[in-house]
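# Notes for the structure review
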Amino acid sequence: MHNQRIFLSPPHMSGKEQQYISEVFESNYIAPLGAFVERFEQSICNYTGAGFALATNTATAALHLALRVLGIGSGDYVLASSFTFVGSVNAILYQNAHPIFVDSDESWNISPRLLKKAIIESPKKPKALIVTHLYGQMCKMDEIVQICKEEGIYLIEDAAESLGASYHGKQSGTFGDMGVYSFNGNKILTTSSGGMLVSDNEVWIEKAKFLSTQAKEDAPYYEHKEYGYNYRMSNVLAAIGVAQMEVLEERVERRREIFELYRTLLGGYDEIGFMPEIQGSRGNRWLTTLILDKTDPYKIMAELEAENIESRPLWKPMHLQPLFQKSIVVENGTSENLFNRGICLPSGSSMSNEDVECVSDVIKKVLK
Ligand SMILES: *Cc1c(COP(=O)(O)O)cnc(C)c1O
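Within each chain, residue numbers correspond to sequence positions counted from 1 in written order. In keeping with the model being predicted, local features are shown solely for residues with a pLDDT of at least 70 and side-chain atom pairs are shown and tallied solely at 80 or more, while totals for entire chains, interfaces and linings include all residues. With hydrogens and water excluded, all non-hydrogen atoms of the structure serve as input to the side-chain values.

Summary of the distance rule: residues count as near a molecule or strand when at least one heavy atom falls within 4 Å of that molecule or strand. Not every one of the 15 residues close to the ligand is listed here, only the nearest: Thr60, Asp158, Glu161, Ser182 and Lys187. Take Thr60: an N or O atom from its side chain is 2.5 Å from an oxygen atom of the ligand. Identification of polar contacts relies on pairs of N or O atoms within 3.5 Å, with a donor-acceptor requirement for protein atoms, meaning one able to donate a hydrogen and the other able to accept it, and with residues adjacent in sequence counted only if both atoms are side-chain atoms. Between Asn184 and the ligand, the recorded distance is 3.0 Å, taken from a side-chain N or O atom to an oxygen atom. When residues are grouped by polarity, Ala, Val, Leu, Ile, Met, Phe, Trp, Tyr, Cys and Pro land in nonpolar, Asp, Glu, Lys and Arg in charged, and all others, Gly among them, in polar. Residue composition of the shell around the ligand, by class: three nonpolar, nine polar and three charged.

On to the nonpolar core. Buried Ala, Val, Leu, Ile, Met, Phe, Trp, Tyr and Cys residues form a nonpolar core when they are joined through side-chain atoms within 4.5 Å. Relative accessible area decides the class of each residue, using a 1.4 Å probe on protein chains only: under 20% of the type maximum gives buried, over 50% gives exposed, and in between gives partly exposed. If you look at the biggest cluster of nonpolar residues, it comprises 39 residues, and the most contacted ones within it are Phe40, Ile44, Leu163 and Met196. Looking at this core, the elements that each hand over two or more residues are helix H1 (17-27), helix H2 (35-48), strand S1 (52-56), strand S9 (195-199), helix H8 (235-245) and helix H9 (248-266). The helix and strand labels rest on DSSP assignments: H or I over at least four residues marks a helix, E over at least two residues marks a strand, and numbering proceeds from the N terminus. When residues of this core are assigned to their parent elements, the largest contribution, six residues, is made by H8. Residue ranges for the domains trace back to a domain assignment, done automatically or taken from a database. Shared between two domains, this core takes at least three residues from each, and those domains are domain 1 (17-245) and domain 2 (248-367). What makes two residues a contact is simply this: any of their non-hydrogen atoms within 4.5 Å. Once residues within four sequence positions are removed from consideration, Ile44 is found in contact with Gly49, Ala53, Leu163, Tyr181, Phe183, Met196, Val198 and Met245. Of all hydrophobic cores here, the second largest spans 34 residues; its members include Leu54, Ala66, Ile92 and Trp204.

Ordered in space as S7-S6-S11, the three strands form an open sheet in which the pairing is antiparallel. Of all strands in the sheet, those with a lone pairing partner are strand S7 (170-171) and strand S11 (281-282), marking the two edges. Here strand S6 (residues 166-167) runs beside S11; their pairing, made up of two bridges, is antiparallel. Bridge pairing in S11 places Ser166 opposite Arg282. Strand pairing requires that DSSP identify at least two bridges connecting the strands.

UniProt positions are given in the numbering used here, feature names are shortened, and annotations may be inferred rather than shown by experiment. Cross-referencing UniProt, the feature "active site" (unreviewed entry) maps to Lys187 in the present numbering. Inspection of the secondary structure assignment puts Lys187 in the loop between strand S8 (178-182) and S9. The residues contacting Lys187, other than those within four sequence positions of it, are Ser9, Ala160, Glu161, Ser182, Arg255 and Trp286.

Glancing now at the domain arrangement of the protein. For the protein, the assigned domains are domain 1 (17-245) and domain 2 (248-367). Taking only C-alpha atoms into account, the centre of domain 1 sits 25 Å from that of domain 2. Listed as interface residues are 47 residues of domain 1 and, on the opposing side, 42 residues of domain 2. Note on definitions: buried area is the accessible-area loss of two parts on being combined, 1.4 Å probe, summed for both. For the pairing of domain 1 and domain 2, the buried interface totals around 3,800 Å² over both sides, and the portion due to carbon and sulfur atoms is 65%. The salt bridge criterion pairs a side-chain nitrogen of Lys or Arg with a carboxyl oxygen of Asp or Glu, the two atoms within 4 Å. The interface formed by domain 1 and domain 2 contains zero salt bridges. Between domain 1 and domain 2 we count 24 residue pairs in polar contact (both at pLDDT 80 or more) in total. When contributions to the side of domain 1 that touches domain 2 are tallied by element, the ones reaching two or more residues are helix H4 (90-94), strand S3 (98-102), helix H5 (112-121), S6 and H8. Residues of the side of domain 1 that touches domain 2, tallied by class, amount to 25 nonpolar, 14 polar and eight charged.

Let us look at a nonpolar patch on the surface. A residue counts toward a patch only above 30% relative accessible area and without a salt bridge, and it is joined to like-charged neighbours within 9 Å or, for Val, Leu, Ile, Met, Phe, Trp and Tyr, to nonpolar neighbours within 5 Å. In these tables, accessible area is a Shrake-Rupley quantity obtained with a 1.4 Å probe, and a residue counts as shielded only by the protein chains included in the view. Together, Leu93, Tyr94 and Leu323 make up a nonpolar patch on the protein surface, roughly 270 Å² of accessible area in all. Relative to the elements of secondary structure, Leu93 occurs in helix H4. For Leu93, a relative accessible area of 31% puts it in the partly exposed group.

Next up, the structure:
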């Protein structure tokens, strides 16, 4: 058994974080905002090519701001990937709107074919679509962007897991009307908690900024015409973010290496399948995920746990959640099948090759 637990995706600091935090303390701009928030936003724009960015306290909050800014409200319908984490879609409920869940295809991500079907079958024209680039792998963006354009539906990318992933050289999060990244504790980069909203539309980002700071009107006193939120990121956390952004490319490289190593070590087993990478794309391989044909994934997870190694099932699709029992879904059984057969393996960029070999050895022992 390992003395040191192998975690799924622990924080991996660059080493510069404390220096930048010290600068925050020296300037005493601990709060509310400060220069690092702008630097962090600028570094996201520089890396991703997004026109404008707004740092928030979580990605969930950024998604909420996106829906508010796009005018999604009570009784509206919002299409969404079903195979995702609930943080993707909670904001639909905050806005008293209705989700319509769309199942996956062989890419594991949202199926463009089912998306078309969902639009046709929707009780009312859907206003927006939230797509998730699952585990850092790109959705079929050519088709999805085209469908949204043709149908006049806003496209929001939940790129919480896919910072650094690209499709035909264009970064995840920059295909839609708005995109969202997460910096929570287990993402490819972390600020302990944090999010980012991006868009090429400056007016929308300005509106989101206004709403994220209590919708305070431009007046010498506190004047409010509409309600807002307290969703902004602190300068201390933004300092961590600036340091993390400096190593994003290395982190993507390392996660991809870890995936390749798993594939080399475990690819020989007929019953094991890995999440594909669609043609023309480069995922960030946030988590290495695999599916099993015959073996019970919970048996493997139990064996890994016995060796002090963390692993998880794949996300349970939203249309199978009790929370969304009454929601509309267009499904084909794909995400349910993946959920029943899949495992997320430790994939942190600070893992050593020996760690990857240890994890693989445990899996091999069960499969024998
Ligand atoms: C982590 C995650 C979120 C939520 O991010 P927070 O910053 O924790 O709010 C949303 N969607 C997906 C797909 C995620 O993985």
